Amino acid sequence: MYCDFSARNVQSTGTVLGSVLRQVVGALAEIPDEVQKAFERAKRQVDGCGLRLPEILELLIKSLSNLKRSFICIDALDEFPLKHRLELWECLQCIVRDCPKTRLFLTGRPHIRDQVQELFDGTAEMLPISPNTHDIELYLNMRLKRDPEFDAMDEGLRADTPRVISDKISGVYVLSQDFES
Amino acid sequence: MHSVVHQSPSVTYSITDSGNVIGSYNTELIISVPDEKRQVLEWLSPLASRERHHAVRDARVDGVGDWLLSTETFSAWHILEGQTTKPVLLCYGDPGVGKTYFRYEPL
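Model, not experiment: these values are computed from the prediction.

### A look at the overall build of chain B
Then, in step 1: Tallying secondary structure elements over chain B gives four helices and four strands in all.
Then, in step 2: Beginning at the N terminus, the succession of helices and strands in chain B can be written as β-β-β-α-α-α-α-β.
Then, in step 3: Taking all 107 residues of chain B together, 19% fall into the buried category.
Then, in step 4: Sequence-distant contacts, at least 24 apart, represent 38% of the contacts inside chain B between residues at least 6 apart.

### A few points about the overall build of chain A
Then, in step 1: Within chain A one finds seven helices and three strands.
Then, in step 2: Taking all 181 residues of chain A together, the buried fraction comes to 28%.
Then, in step 3: At a minimum sequence separation of 6, the contacts of chain A that also span at least 24 residues come to 79%.

### Looking at unusual backbone geometry
Then, in step 1: Positioned with a positive phi, A:Ala76 is a non-glycine residue whose angle comes to about 60°.
Then, in step 2: Relative to the helices and strands, A:Ala76 is located in the loop between strand 1 (70-74) and helix 4 (82-98).

### Observations regarding the packing of helix 1 (residues 13-27) of chain A against helix 2 (residues 35-44) of chain B
Then, in step 1: At their nearest, the axes of helix 1 of chain A and helix 2 of chain B sit 8 Å apart, and the two run at 160° to each other. For the element pair helix 1 of chain A / helix 2 of chain B, the angle class is roughly antiparallel. Two packed elements cross with a definite hand, and for helix 1 of chain A against helix 2 of chain B that hand is right-handed. Residue-level contacts link A:Gly18, A:Leu21, A:Arg22, A:Val25 and A:Gly26 of helix 1 of chain A to B:Val40, B:Leu41 and B:Leu44 of helix 2 of chain B.
Then, in step 2: When the residues that make up the contact of helix 1 of chain A with helix 2 of chain B are grouped by side-chain class, the tally is five nonpolar, two polar and one charged.

### A short note on the interface of chain A and chain B
Then, in step 1: Listed as interface residues are 45 residues of chain A and, on the opposing side, 32 residues of chain B.
Then, in step 2: Those elements that provide at least two residues to the side of chain A that touches chain B are helix 1, helix 2 (33-44), strand 2 (102-108), helix 5 (113-119), strand 3 (124-128) and helix 6 (133-145) of chain A.
Then, in step 3: Of the residues assigned to the side of chain A that touches chain B, the class counts are 27 nonpolar, nine polar and nine charged.
Then, in step 4: By the bridge criterion, five bridges tie strand 2 of chain A to strand 4 (residues 88-92) of chain B in an arrangement that is parallel. The residue of strand 4 of chain B that forms the bridge with A:Gly108 is B:Tyr92.

### With respect to the packing of helix 2 of chain A against helix 3 (residues 53-64) of chain A
Residues and elements named next belong to chain A.
Then, in step 1: Packing of helix 2 against helix 3 leaves a shortest axis separation of 9 Å and a crossing angle of 150°. One finds that helix 2 runs roughly antiparallel with respect to helix 3. Listed contacts from helix 3 to Glu-34, Val-35 and Ala-38 of helix 2 are Glu-55, Leu-59, Lys-62 and Ser-63.
Then, in step 2: Taken together, the residues of the contact of helix 2 with helix 3 break down into three nonpolar, one polar and three charged.

### A word on helix 6 of chain A
All names here are of chain A.
Then, in step 1: The end-to-end C-alpha distance of helix 6 is 18 Å, a good match for the 18 Å that 13 residues give at a rise of 1.5 Å each.
Then, in step 2: Within the sequence span of helix 6, burial applies to Asp-135, Ile-136 and Tyr-139. Along the long axis of helix 6, the arc covered by the buried residues comes to 95°, so they all point the same way.

### Comments concerning the nonpolar core
Among soluble globular proteins, nonpolar side chains are generally buried collectively.
Then, in step 1: Counting residues in each nonpolar core, the largest one holds 44 residues, and the members touching the most others are A:Leu17, A:Val20, A:Leu21, A:Leu60, A:Leu106 and B:Leu90.
Then, in step 2: Every element with two or more residues in this core is listed here: helix 1, helix 2, helix 3, strand 1, helix 4 and strand 2 of chain A together with helix 2 and strand 4 of chain B.
Then, in step 3: At six residues, helix 1 of chain A tops the list of elements feeding residues into this core.
Then, in step 4: Those residues in contact with B:Leu90 that lie beyond four places of it in its chain are A:Leu106, A:Gly108, A:Arg113, A:Val116, A:Ala124, A:Met126 and A:Leu127.

### Section: the pairing of strand 4 of chain B
Then, in step 1: Among the five residues of strand 4 of chain B, five are classified as buried, and the element is accordingly described as predominantly covered.
Then, in step 2: A two-sided burial pattern is seen for strand 4 of chain B, the buried positions comprising B:Val88, B:Leu90 and B:Tyr92 on one face and B:Leu89 and B:Cys91 on the other.
Then, in step 3: Strand direction decides the pairing type here: strand 3 of chain A and strand 4 of chain B, joined by five bridges, are parallel. Following the sheet pairing, A:Glu125 is matched in strand 4 of chain B by B:Leu89.

### Concerning the environment of A:Leu53
All names here are of chain A.
Then, in step 1: The topology assignment puts Leu-53 in helix 3.
Then, in step 2: The class of Leu-53 is partly exposed, set by 17 C-beta atoms lying within 10 Å.
Then, in step 3: Between the alpha carbons of Leu-53 and Thr-15 there is a distance of 8.9 Å; along the sequence they are 38 residues apart.
Then, in step 4: Not counting residues up to four positions away in its chain, the partners in contact with Leu-53 are Thr-13 and Gly-14.

Rules and cut-offs
Residues numbered from 1 in each chain as written. Chains lettered and ligands numbered in written order. Predicted model: local features only at pLDDT ≥ 70, side-chain atom pairs only at ≥ 80, totals over all residues. Helix = DSSP H or I, 4+ residues; strand = E, 2+ residues; numbered from the N terminus. Buried ≥ 20, exposed ≤ 12 C-beta atoms within 10 Å, placed from the backbone. Contact = placed C-beta atoms within 7 Å. Axes fitted to C-alpha atoms, helices over the stretch in contact; angles between N-to-C directions. Parallel < 35°, antiparallel > 145°, perpendicular 65-115°, else oblique. Left-handed = near helix turned anticlockwise from the far one by under 90°. Nonpolar A, V, L, I, M, F, W, Y, C, P; charged D, E, K, R; others polar. Pairing = 2+ DSSP bridges. Expected span 1.5 Å × (residues − 1). Arc of directions from axis to C-beta. Core = buried A, V, L, I, M, F, W, Y, C linked by C-beta atoms within 7 Å.

In structure tokens, the structure reads:
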């Protein structure tokens, strides 16, 4: 699931967990009874048929229990609307607590690190991500291969470009780390 | 209501009532999901995250971020056995370092 600042007006805890629920149910061979029943109920109602957050959470936890193992990935937590964030995090806590076969993979900018640490109180592992020389070279080589003006570079320049850029970037990073420590 | 229409033996499109062809970028998924289940899935959530996922997947270079998979932190986290393992993993870093582009495919 991707949180997106540009979608902040439409993203809520319900839409994020609803999307996860959809993917979990989609992965199951059979629709869980509880989900089917909720669907039938909604069909009978005249006014709207959206699930409310407590129901989404309950159905998600039930559906997850049908999977041998599952990984929920939520990208860019810091782009999720601030006003709903606590609510989302409380739901994630419930999932972690009630679904022992589920793992949660989160990404975000450094400022949310302490919040996540505090919220999951010792149950969250923290991994700092920094530019990686090998990744940068892979990416630059791909871009060079797709260069629309291929003849603009000779072999030497083509070989030097990834090396020099990735060296510079990792140097910048080491420097900024030195400043932080 | 959705129905699956076979136009040729190898190509399958899903057609809505209005006649719009949807989901044409992933026909395999549509073929394998029966109508009834599709209705339930549509009701649960629209497909927005799938579109974003395709965009990320297409822009991704194979092998990028694989170093993460060999870290001890990741290995300990993704193995489900053992109650002592921490169930949550946060990868944090500045914008543009590649957090969105990690990929893990379980064997």
